[in-house]
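Chain residues, written in single-letter form:
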Amino acid sequence: MYFDVPKRAIWLWDARELDPRWLEGIERAWPGWHVEGHIEGVVRQALLSGRDPTPFMVPDAEATQRLVAVLSSGWSVDPGALLKVAISRAPGFLRSDARMACTARS
């Protein structure tokens, strides 16, 4: 949770998905506060609080290695080669823009 006291807002995150009913229930328990949610993890929480998210970020090489491992299971194409092509044609492919963050509710 991140509490934005001046705005009376509570930000929650979950690793998978947020059920809007869960957010609504928390909002009912905190009268006068607005509850928002996202699934973007601790990096987004750090950005919301104004802290530097760098210590929570995974290096590009590690992210690529994890992605290749996931895509390699059960595929008949070479996901490593596919990923290299995607990265070479779209620099920053593995980066996310904090301004484009999605919330569970608006």
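Here the structure is a predicted model, which means the values were calculated and not measured.

Participant: What exactly am I supposed to notice about the overall build of the chain here?
Facilitator: Across its full length, the chain holds four helices and three strands. Listing every helix and strand of the chain by position from the N terminus yields β-β-α-β-α-α-α. Going through the 106 residues of the chain one by one, you find that 22% of them count as buried. Summarising the internal contacts of the chain: among those between residues at least 6 apart in sequence, 51% fall at separations of at least 24. Carbon and sulfur atoms provide 59% of the accessible area of the chain, an area that totals close to 7700 Å².

Participant: So what exactly am I meant to see when it comes to the pattern of salt bridges here?
Facilitator: When the charged atoms of two side chains with opposite charge come close together, those side chains can pair. One pass over the full model with this rule turns up three salt bridges. The shortest N-O distance in the salt bridge between Arg-66 and Glu-62 comes to 2.5 Å. With Arg-66 and Glu-62 both in helix 3 (residues 60-72) and four residues apart, this pair spans about one turn of that helix. On the basis of relative accessible area, Glu-62 is assigned to the partly exposed category, the value being 30%.

Participant: Just checking my understanding: could you explain the packing of aromatic side chains for this structure?
Facilitator: Where two aromatic rings form a pair, the distance of their centres and the angle of their planes describe that pair. For the coordinates displayed, the defined rule picks out three aromatic pairs. Measuring from centroid to centroid gives 5.3 Å for Phe-3 and Trp-30, while their planes differ by 50°, and the two rings are tilted. Within this pair, whereas Phe-3 is found in strand 1 (residues 2-4), its partner Trp-30 is found in the loop between helix 1 (20-29) and strand 3 (34-38), the two being separated by 27 residues in sequence. Of the residues examined, Phe-3 reaches a relative accessible area of 32% and is grouped as partly exposed. Note on Phe-3 and Trp-33: the rings are 6.1 Å apart at their centroids and 80° apart in plane angle, and the pair reads as edge-to-face. Note that Phe-3 is positioned in strand 1 and Trp-33 in the loop between helix 1 and strand 3, a separation of 30 residues in sequence. With relative accessibility at 14%, the residue Trp-33 sits in the buried group. Among the aromatic residues, those joined into a cluster by ring pairs are Phe-3, Trp-30 and Trp-33.

Participant: Explanation requested: the sheet that holds strand 2 (residues 9-13) in the structure shown.
Facilitator: Working definition: the strands of a sheet are paired by backbone hydrogen bonds and lie parallel or antiparallel to each other. Pairing is mixed in the open sheet, where three strands are placed in the order 1-2-3. The open sheet has two edge strands, strand 1 and strand 3, and neither has a second partner. With direction set aside, neighbouring strand axes in the sheet form an average angle of 20°. Relative to strand 3, helix 1 is tilted by about 150°, and along the sheet it contacts strand 2 and strand 3.

Quick notes on the rules
Residues numbered from 1 in each chain as written. Predicted model: local features only at pLDDT ≥ 70, side-chain atom pairs only at ≥ 80, totals over all residues. Heavy atoms only, no water. Helix = DSSP H or I, 4+ residues; strand = E, 2+ residues; numbered from the N terminus. Buried < 20%, exposed > 50% of the residue type's maximum accessible area, 1.4 Å probe, protein only. Contact = heavy atoms within 4.5 Å. Areas by Shrake-Rupley, 256 points an atom, 1.4 Å probe, with all protein chains shown as cover. Salt bridge = Lys/Arg side-chain N within 4 Å of Asp/Glu carboxyl O. Phe/Tyr/Trp six-rings, centres within 6.5 Å; stacked < 30°, edge-to-face > 60°. Pairing = 2+ DSSP bridges. Axes fitted to C-alpha atoms, helices over the stretch in contact; angles between N-to-C directions.

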